[in-house]
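Letter by letter, the chains look like this.
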There are 2 protein chains.
Amino acid sequence: MPQAPSQVRSATADEIRQAALQQFAQSGYDASSMRDIAASVGIKAASLYNHFDSKEKILWDLTRSAMSDLAANRDAALAQLDPAAGPRARLAAFVSAHVGFHAERRHQAVLVNSQLGSLSPSHHRKAIALRDAYENSLRAIIDAGVTTGEFVISDAQVTTLAILQMGTGVSVWFRPDGRLRSDQVGAEYVKLAALITRGIA
Amino acid sequence: MPQAPSQVRSATADEIRQAALQQFAQSGYDASSMRDIAASVGIKAASLYNHFDSKEKILWDLTRSAMSDLAANRDAALAQLDPAAGPRARLAAFVSAHVGFHAERRHQAVLVNSQLGSLSPSHHRKAIALRDAYENSLRAIIDAGVTTGEFVISDAQVTTLAILQMGTGVSVWFRPDGRLRSDQVGAEYVKLAALITRGIA
DNA sequence: GTCTATATATCGATAGAC
DNA sequence: GTCTATCGATATATAGAC
């Protein structure tokens, strides 16, 4: 069965996605023009509308993909664990995946963390729902660790947000040619998350 | 000696500052128009130019004030300590001030954390320098604690950024009518920072 | 699917009357 | 210091030729 027309991915459409992601993440959605995006693909602005209905549709396409990739990255990390793995192993896997994504896929991370406000109201609601689900998946790990007594924390919601946001911040300063590789940065944040949850052997 | 003309603060200019801060923080600099800012002050866009040379000058005025307030807030907290206070007390004071600012002055915090890219190159450089100085003031506390042996950490730079960014994230979710008051949130983050630096008695 | 040309809207900023 | 009127640039998006 062939793909539905709306899901066909032409080479040009992918070039547009790449160019738009780069510009939206670097300069912001409002400061990026269709002309500039088209120029970096090597076509004219009007031709963009053969691939996307509007500028906002490009942003939504990129946002949905980024949030989907973020969740898939988390799922892949958790799936590698022993099914009987406890909260501490699950927390480490989550943080490692979270930080790795925010280091290695900075543009997607920055888009999700700073450009949701430019989405249409309808798309914005859907993005917020996806973000809440992602946050809740960490919250569930935290709560499980509290229940088993492996985690000793003061406030589950603050702890959840603190772990998430310190990892999100990696997308602001990480550079591929920096002092630490992304896996090293991930390992550092795994340690921090363990300390926050009193995982100090 | 009277104030220099450039520092005169008229009531109207302050209303403009307040309206622009609200809009820049809420919708972003590029999505905010001079017409909208003027309308929320009750005047026309052209009249704004009697108080500020350009839209970017408003942003710079607000940015400089916000970063100055942030540093002053930190200095006030540290100044209340006993001069002989050690790194752990200094860290707690810094985090408490940092989180308190990001909770209680959300608009200023969001501006500094998301709109620096809209500044002119010259102003952008100055803002980055101020941000670096702020980060370095926390880094110095961390380093001092490592030197005395009170802090046991894995990577000083990662630790510094993690503490800063988890506190910065408070400006994203804090609500004055939420479950926790800003001082309670600050106390939670002081605990988290202590744990990260192995301050678990 | 690309292009040129253009419609329509809004932007920051200025000129000049009051 | 406010206003009306407007300039010039740029924005998204569309129409229609090729």
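Residues numbered from 1 in each chain as written. Chains lettered and ligands numbered in written order. Predicted model: local features only at pLDDT ≥ 70, side-chain atom pairs only at ≥ 80, totals over all residues. Heavy atoms only, no water.

A separate point is the overall build of chain A. Of regular secondary structure, chain A possesses 9 helices and 0 strands. Moving toward the C terminus, one meets the helices and strands of chain A in the order α-α-α-α-α-α-α-α-α. Projecting the C-alpha coordinates of chain A onto the three principal axes gives extents of approximately 60 × 40 × 30 Å. Residues counted as buried form 44% of the 201 residues belonging to chain A. (Helix = DSSP H or I, 4+ residues; strand = E, 2+ residues; numbered from the N terminus. Buried < 20%, exposed > 50% of the residue type's maximum accessible area, 1.4 Å probe, protein only.)

Quick look at the side chain of Gln165 of chain B now. Structurally, the position occupied by Gln165 of chain B is in helix α8 (residues 156-168). Gln165 of chain B has contacts with Gln165, Met166, Gly169, Val170, Val172, Trp173 and Tyr189 of chain A, leaving out every residue within four places of it along the chain. (Contact = heavy atoms within 4.5 Å.)

In this assembly, 24 residues from chain A lie in contact with 24 residues from chain B. When the two sides are added together, the surface that chain A and chain B hide from each other amounts to roughly 2,200 Å², 63% of it contributed by carbon and sulfur. At the surface where chain A touches chain B, the tally comes to 2 salt bridges. For Asp155 of chain A, the salt bridge identified is with Arg179 of chain B, shortest N-O distance 2.8 Å. (Buried area = accessible area lost by both parts, 1.4 Å probe. Salt bridge = Lys/Arg side-chain N within 4 Å of Asp/Glu carboxyl O.)

Before going further, it helps to examine the relation of the copies chain A and chain B. Rotating chain A by 180° and translating it 0.0 Å along the rotation axis places it on chain B, where the RMSD comes to 0.0 Å. The relationship between the two copies is best expressed as a two-fold rotation axis. The C-alpha atom lying nearest the rotation axis in chain A is that of Met166 of chain A; the distance is 2.3 Å. A shared binding surface is used by both copies, with 100% of the interface residues of chain A retained as interface residues in chain B. (Least-squares fit on C-alpha atoms with pLDDT ≥ 70 in both.)

When the terminal C-alpha atoms of helix α5 (residues 87-104) of chain B are compared, their 25 Å separation across 18 residues agrees well with the 26 Å that a helix rising 1.5 Å per residue should span. By the burial criterion, the buried members of α5 of chain B are Pro87, Leu91, Ala93, Phe94, Val95, Ala97, His98, Val99, Gly100, Phe101, His102 and Ala103 of chain B. (Expected span 1.5 Å × (residues − 1).)

This brings us to the side chain of Gln23 of chain A. Residue and element names in this part refer to chain A. Relative to the helices and strands, Gln23 resides in helix α1 (residues 11-27). Engagement of the side chain of Gln23 in a polar contact is seen with the backbone oxygen of Asp36, the distance being 3.3 Å. With near-sequence residues (within four places) excluded, Gln23 lies in contact with Gly28, Ser32, Asp36, Ile37 and Ser40. (Polar contact = N/O pair within 3.5 Å; in protein donor to acceptor, adjacent residues only side chain to side chain.)

Time to look at the pattern of salt bridges. Tallied over the entire structure, the rule returns 20 salt bridges over all chains. A salt bridge links Asp61 of chain B to Arg17 of chain B; the nearest nitrogen and oxygen atoms lie 2.9 Å apart. Linking Asp61 of chain B in helix α4 (residues 55-79) with Arg17 of chain B in helix α1 (residues 11-27), this pair joins segments that are 44 residues apart in sequence. Judged on exposure class, the residue Asp61 of chain B and its partner Arg17 of chain B are both buried. Measuring nitrogen to oxygen at the nearest pair gives 3.5 Å for the salt bridge that ties Lys191 of chain B to Glu188 of chain B. Of this pair, Lys191 of chain B and Glu188 of chain B both sit in helix α10 (residues 182-196), 3 residues apart, which is roughly one turn of that helix. Its relative accessible area of 41% is what places Lys191 of chain B among the partly exposed residues. Residue classification places Glu188 of chain B among the buried residues on the basis of a relative accessible area of 13%. Linked through salt bridges whose partners overlap, the residues forming this network are Arg9, Asp14, Arg17 and Asp61 of chain A.

Turning our attention to the protein's contact with DNA strand D. Neighbouring residues of DNA strand D: 16 residues in total, closest Arg35 and Lys55 of chain A together with Lys44, Asn50 and His51 of chain B. Here a phosphate oxygen of DNA strand D sits 2.9 Å away from a polar atom, N or O, in the main chain of Lys55 of chain A. A distance of 2.6 Å is found between a phosphate oxygen of DNA strand D and a backbone nitrogen or oxygen belonging to Lys44 of chain B. Secondary structure elements with two or more residues in the surface near DNA strand D: α2 (34-41) of chain A together with α3 (45-48) of chain B. (Near = heavy atom within 4 Å.)

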